[in-house]
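Residue-level structure breakdown
Each chain, written out:
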Amino acid sequence: MRNYDLITPEGTKDLLFGECILRRDIENKLLGLFKSRGYCEMITPGLEFFDVFNLNSQYFPQENLYKLTDAKGRLLVMRPDSTMPIARVVATRLKDATLPLKLCYDQTVYRTEPALKGRSDEIVQTGIELIGSQLKMADLEVISTAVDSLRAMGMEFSLEIGNIGIFKELVGKLDVSDHVKEKIRRRIETKNFPALNDLLDSLGASPVTAALKKLPALFGGEEVFEKAAELMPDENITRLLEELRDIYRDAAEICGSDGTITVDLGLVNKTDYYTGLIIKGYLQGHGEEVLSGGRYDKLISEFGYDIPAVGFAVNVNGIAKVMEKNSELPRIPGADVIVYAEEGCEVEAFKAARKLREQGLIVENALFDDLESVREYAMEHKIAKVVVIDGESKEVQI
Amino acid sequence: MSKPIRIALTKGRLEKDTVGLLEKLGFDCTAVREKGRKLILPVPDANLEVVLAKANDVITYVEHGVCDMGVVGKDTIMEMDGKFYELVDLGFGRCKFALATKKGYDFYGGYGIKTIATKYPNVSRHFFEKKGMDTEIIKIEGSVELAPLLELADGIVDIVETGTTLKENGLEVIEDVAPISARLIANTVSLKMRHAEIEHLIKLIEENL
């Protein structure tokens, strides 16, 4: 048998020193920002019953979940997402809470990714959920929080919005099986124009198929709305487009000149419980979105509590990756002082060290039995000051 | 001028056809034509940077966003899958995936599980899954035609261009699996962040296909 005692499983890694500082810094910035807007933090278990993710609508394919069983043989999963556990909590313990609820989280999610692709199975997501409001103001609040989150990373960013409702309206008018609808969705999502056209041509020409063909090409700036106006003469679609345009204009103002707001009517992700607004955030230099979210008005009702919600999650790993690529890792702040105890003065030394820490210094207690080794250690670790405790304490400058 | 757009080309025939297409658009591809052993080459007047890679790697580089665009065969896309936009059917590099057996062999007869030899296990698996048919799939690296001749497999799923190799070895196509041609793909973020430039290039390409 082979031993794997010296390595970590594929898709995971150890983070050391500077990498941790960078990660924590991103997480703290985001959490701080959310809390300053009145969001309250939640922590849900890393393990959940499989059933939480196996609702009527299957948002997460079972082959992408890490599964195990509990002591009673029941199927558990490592949480692949935070929104569904939060929906579960909202529908149970928070059922009588005053609405709207403003919740935030900062936790790891686990999904199996294809091997040897340089992807991570363990991702830290920091995000918000705004529960119980269907107002446009709620959508804008989430967009504005997303813009602030991206801006806080100090890089060129772009926020993209869409509305999956337009696709759902259109495809709902087609008399085809769910299987075919899924094929259409997939081809719009991947902007696979040749395959989408072939498939829609086989369904016969109609205003609906013509509109679906155009959907993936409708992305960019405000001009998209001009082009989309001729998409289809339909009351619902016109209304959805007008609402989105409204949000787009407000979002552009909220964003100011710091970043770019764009629109893509072809955003039709799969694992999405999304019902309306979709948002995605990009940073220059990273090949995948670092922020994603939207409105999910039907999800919590699957847990028995029918209320609307909107939110997003930031992929902290993704952001850390861009930052590591763009600049050096943050330096670890070394100790300011090292305290060395002569034999018999150990307790005195701990007391002295505590006093120094109370002044705000980083203080180490030396773990050597001769002063020369302490000096060498201090030199190597760039510690400026050695304090010797030998009954009457004295300071030695390095 | 902004940072060049990086486009990964599948080495070999697709590379030559793509360079031909770029020249038809009026771009100077001298550096690519006289590449020697270099793997990253400029096409300055198009503000492009051509990267030469193996088919599977084209997809990997585009998925990660280290290349903004790529030219790769539908065969590789079907086998690899992945997250990227598949924008244009370039029309060249045409061939097909097909199921072939020894001449006259009754592949669908009997109730025994059939064995398939292939370089494309995912394509084969999906094809038979759709038929609701259990098969045993064996991955072969070299000439797949050997497997039925050596009686390792009942049939093969492979790329067929002219069918000459099949014929000369006493095999025949019994069913087409999927048509194949070269595709222009793009990284999902690049398409958004560099929309105007990429859209312009796509328009030029589509007008000249």
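Calculation notes
Residues numbered from 1 in each chain as written. Chains lettered and ligands numbered in written order. Predicted model: local features only at pLDDT ≥ 70, side-chain atom pairs only at ≥ 80, totals over all residues. Helix = DSSP H or I, 4+ residues; strand = E, 2+ residues; numbered from the N terminus. Rg over C-alpha atoms; globule rule 2.2 N^0.38 Å. Buried ≥ 20, exposed ≤ 12 C-beta atoms within 10 Å, placed from the backbone. Contact = placed C-beta atoms within 7 Å. Domains from an automatic or database assignment. Expected span 1.5 Å × (residues − 1). Arc of directions from axis to C-beta. Axes fitted to C-alpha atoms, helices over the stretch in contact; angles between N-to-C directions. Parallel < 35°, antiparallel > 145°, perpendicular 65-115°, else oblique. Left-handed = near helix turned anticlockwise from the far one by under 90°. Nonpolar A, V, L, I, M, F, W, Y, C, P; charged D, E, K, R; others polar.

On to the overall build of chain A. Along chain A, the regular secondary structure elements total 12 helices and 16 strands. For 398 residues, the compact-globule estimate of 2.2 N^0.38 gives 21 Å, and the C-alpha radius of gyration of chain A, at 27 Å, exceeds that figure by more than 25%. Projected onto its principal axes, the C-alpha positions of chain A cover 95 × 55 × 45 Å. In chain A, which comprises 398 residues, the share counted as buried stands at 37%. Taking all contacts inside chain A whose residues are at least 6 apart in sequence as the whole, residues at least 24 apart take part in 69%.

Scanning chain B for helices and strands turns up 9 helices and 11 strands. With respect to the three principal axes, the spread of C-alpha positions in chain B is 65 × 30 × 30 Å. Split into buried and exposed, the 209 residues of chain B put 40% on the buried side. Expressed as a percentage of contacts within chain B between residues at least 6 apart in sequence, the contacts between residues at least 24 apart total 66%.

All right, on to the domain arrangement of chain B then. Domains assigned within chain B are domain 1 (5–93 + 181–207) and domain 2 (95–178). Computed from C-alpha atoms alone, the centre-to-centre distance between domain 1 of chain B and domain 2 of chain B is 31 Å.

Turning next to the domain arrangement of chain A. For chain A, the domain assignment lists domain 1 (18–326) and domain 2 (337–397). Between domain 1 of chain A and domain 2 of chain A, the C-alpha centre-to-centre distance is 53 Å.

All names here are of chain B. For helix H1 (residues 13–24), with 12 residues, the first-to-last C-alpha span of 17 Å sits near the 16 Å given by 1.5 Å per residue. Along H1, the residues classified as buried are Leu14, Thr18, Val19, Leu21 and Leu22. The arc that holds every buried residue of H1, seen down its axis, measures 160°, which confines them to one face. Projecting away from the buried face of H1 at angles above 90 degrees are the exposed residues Arg13, Gly20 and Lys24. Of the surrounding secondary structure, the elements contacted by the buried residues of H1 are strand E1 (5–10), helix H2 (30–33), strand E2 (40–43), strand E4 (69–73), strand E11 (182–186) and helix H9 (195–207).

This part is about unusual backbone geometry. Following Leu99(A), the chain continues to Pro100(A) via a peptide bond in cis, the omega torsion being -5°. Structurally, Pro100(A) can be placed in the loop between helix H2 (83–91) and strand E5 (101–110). Even without a glycine there, the phi angle at Asp81(B) is positive, about 60°. Mapping Asp81(B) onto the fold places it in the loop between helix H4 (74–80) and strand E5 (85–89).

The next subject is the packing of helix H5 (residues 178–189) of chain A against helix H6 (residues 193–201) of chain A. Residues and elements named next belong to chain A. Running from N to C, H5 and H6 point in directions that differ by 150°, and their axes come no closer than 8 Å. Comparing the axis directions of H5 and H6 gives the class roughly antiparallel. The handedness of the crossing between H5 and H6 is left-handed. Residues Lys183, Ile184, Arg187 and Ile188 of H5 form the contact with H6, whose participating residues are Ala195, Leu196 and Leu199. For the contact of H5 with H6, the class distribution of residues is 5 nonpolar, no polar and 2 charged.

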